[in-house]
Every structure is written in structure tokens, then in C-alpha cells.
Amino acid sequence: MSLLGLIFISVLQFEGVSGEVKYLYSRAGHYAILSCGRASSSDPTCSHVEWFFDRDQTQSVTEVSGGKVKLDSVRAVRLSLDSSCSLIIKNITAEDAGRYTCRQREYFNFTDISTYLSVLTISPSPPDADPKRDTEVTLECSLFRHIDLHHCPQNSIRWMDETRTVLLGEGEGYKFHGQKNCVSSLTVKRQSGHNRRYTCQLVDEENNVEIEAEYTPVFTGDHQSDTPGPDSTNVPLSSIMSTLRVAGLILMIVITVLVIRGTSNRNPPDDDNVCTDGDEVSYENDEARPAATRLD
């Protein structure tokens, strides 16, 4: 047999088949299960399964080999396989967005199933925004995805308030800045008395929700009223406690003085206040003077 024939046979023996392509969305902090298709009943340990990851096609990273998670993977502690060889990713971050390919080998053939995982996140901008100091904060809703998926369509990322009303333009307590590629920005202002809830949604061309995430900005610290003068409803707890301590101390002093006075009034007259002159005894007390008594 010629050399060309041997090469041709070898190519046929290592034939690969690209299976279905899936698209999956998840929120930061949640988990995702990426299917590997139909698991082989003859391989319960997934020893013939491999998982690969790439973000932009420049470099592919092996996450699972021979049914075991690679220990040198940056996300190894968050990866695992279930009984059907599906890949489980816990505590998802923006860095997990990309394409995951499951490869099942059987003899000299293999089948690839790819899943594009996109991750939706909400974060304050700038990242060091301080609710104790700032009167407003800008929220950025971002969709991280594989480079093959290109740009996000305009108006595909939208904001809603707690009443499920779509926020556009500028309104009470918010200002919508629009969408640039896969990032949508919304500035929310501090409002006295309550904290509002904002929802970021990713929708398709038919306005169906693909994924959504919620964010509740918590503003703390004293909120000064525009009306001059003190407001009794906003008195800090520390001031109230200090006032109570001072009042308690004054009360203790008053009680102590009253006790001392009561004790002195109950004491008998001192001997120096009693004078004797022969058979007469007289009391030099400023208060009630008893009648003189003569001794026989």
C-alpha cells in the first residue's frame, strides 16, 4: 500500500464531528451547568471526556482531561463534573465568559459540543464609590461574552425599577446614560427614607428576557434636610444616649444630697448644746426648747 493511502486511512480514523452549539447566560455569583450531550453508558467515570475553554480563539485551555479537573486551572476549585459529564461552574465571575467545548472520544472518533457562556454583571462606577460620602452612584450593567458573538444590539440591555417600569432619559432619583456596546449605565441618587431596587435585563430582538440581575444601592450616613434648623427625627442615637447619661448623673447627685440631709435631721443634739447650772438643766437648741426642770 502506498504512503498516500496510509495517510488517507489515518485521517479517516481520527475523524472529528462538531456537534450542536449552545448559548447560555448566567449572573455573576451564580452557577451554571454546561451540557456535554448524551453521556456514554460504557464510561461512567467520564474518562473519555475533555473540556476546553477559550475566550477569543487565540488560546484554548484544557479544563478537564480524562474526566478529572486540571489542578493547574485558574478556576479548578469552582469546577466539577456531574454523572452525565456536564461541567458545573460555581460562583461565576466575568472571567468565566467564553466558549466551553466538551469533547467525547470513542475509539478513533470524537464529538465536540460547544457552549457559549455569557455573564451579566452589575457594578458601581467608579468601583470605590462610597455610599457614606457620595450622594449618587453610577451603575454599570455589563454583558461579558466570547469575541465571536461581536457587539450587543442597541437597546438590548435595559434598566427597570422596582415597579418593573423601564427607565429612560431622566426621572425622579435616576438618570439613564444609554448603552455603549455591551455596557448600559444608570446614575441613581440618594433618596431619604428608602432604598430603591434596580433591575438590569438582557433582551433579544423580540423583547424576550434572556437574563436579568438586580441591584439595591444602600446609602448610609446622615442625610441633611434642605430645611434649616434641627430635625428631631434625625437626632443621632449617640446624642440621645449622652443626654440620658447626664440626666442619670444629675438624678444620682440629687438623691445623694437628700439622703445626707435626712440623716443629719434624725441625729440627737450634741452634748455641747446642753448646759447645766446647779440644779437646772437648759438646752441651747435653736429649735424647740423644753421647759426647765428642777431636781429635788
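Data block above holds the structure.
Residues numbered from 1 in each chain as written. Predicted model: local features only at pLDDT ≥ 70, side-chain atom pairs only at ≥ 80, totals over all residues. Heavy atoms only, no water.

Participant: Help me get a handle on the overall build of the chain, residues and values and all.
Facilitator: Looking only at helices and strands, the chain has two helices and 19 strands in total. The 296 residues of the chain split such that 29% are buried. If you take every contact in the chain between residues at least 6 apart in sequence, the share linking residues at least 24 apart comes to 55%. In the structure as shown, the chain presents an accessible area of about 20100 Å², 53% of it carried by carbon and sulfur atoms. (Helix = DSSP H or I, 4+ residues; strand = E, 2+ residues; numbered from the N terminus. Buried < 20%, exposed > 50% of the residue type's maximum accessible area, 1.4 Å probe, protein only. Contact = heavy atoms within 4.5 Å. Areas by Shrake-Rupley, 256 points an atom, 1.4 Å probe, with all protein chains shown as cover.)

Participant: Quick one: what's the story with the state of the cysteines, residue by residue and with numbers?
Facilitator: Tallied over the full model, the rule gives four disulfides. Disulfide partner of C46: C85, at an S-S distance of 2.1 Å. Between C46 and C85, the S-S torsion sits near -100°, and that sign places the bridge as left-handed. Of this pair, C46 sits in the loop between β2 (32-34) and β3 (49-54) while C85 sits in the loop between β6 (79-81) and β7 (87-89); the two residues are 39 residues apart in sequence, bridging distant segments of the chain. Both residues of the pair, C46 and C85, belong to the buried class. Across a sulfur-sulfur distance of 1.9 Å, C152 and C182 are joined as a disulfide pair. Looking down the S-S bond of the C152 and C182 bridge, the torsion is 100°, so its handedness is right-handed. (Disulfide = S-S within 2.5 Å.)

Participant: Hey, could you go over the sheet that holds strand β16 (residues 209-215) for me, with residue numbers and the actual values?
Facilitator: In space, the three strands of this open sheet follow the order β11-β15-β16, with antiparallel pairing throughout. With partners counted over all chains shown, the strands left at the sheet margins are β11 (157-160) and β16, one partner each. Direction aside, the axes of adjacent strands within the sheet are offset by 20° on average. With six bridges joining them, strand β15 (residues 198-203) and β16 adopt antiparallel strand pairing. Paired with L202 across the bridge in β16 is I211. (Pairing = 2+ DSSP bridges. Axes fitted to C-alpha atoms, helices over the stretch in contact; angles between N-to-C directions.)

Participant: Break down a nonpolar patch on the surface for me, with residues and values.
Facilitator: Together, V246, I250, V254 and L258 give the surface a local cluster of nonpolar side chains, amounting to about 360 Å² of exposed area. When you line up the elements, V246 lands in helix α2 (residues 237-266). Judged by relative accessible area, V246 falls into the partly exposed class, the value being 48%. (Patch = residues over 30% accessible without salt bridge, like charges linked within 9 Å, V, L, I, M, F, W, Y side chains within 5 Å. Salt bridge = Lys/Arg side-chain N within 4 Å of Asp/Glu carboxyl O.)

Participant: So what's going on with unusual backbone geometry? Which residues, and what values?
Facilitator: Even without a glycine there, the phi angle at C46 is positive, about 60°. For N91, which is not glycine, the phi dihedral falls at a positive 50°. Examined against the element boundaries, N91 turns out to sit in the loop between β7 and β8 (98-106).

Participant: Can you lay out the pattern of salt bridges for me, pointing to particular residues and giving the numbers?
Facilitator: One pass over the structure, following the stated rule, counts 10 salt bridges. One salt bridge connects E95 with R55, and the closest N-O pair in it is separated by 3.5 Å. Taken together, the residues E95 in the loop between β7 and β8 and R55 in the loop between β3 and β4 (61-65) connect sequence positions 40 residues apart. Taking the relative accessible area as the measure of exposure, E95 reaches 53% and is therefore exposed. When its relative accessible area of 34% is taken as the criterion, R55 is described as partly exposed.

Geometric values such as these leave the question of function open.
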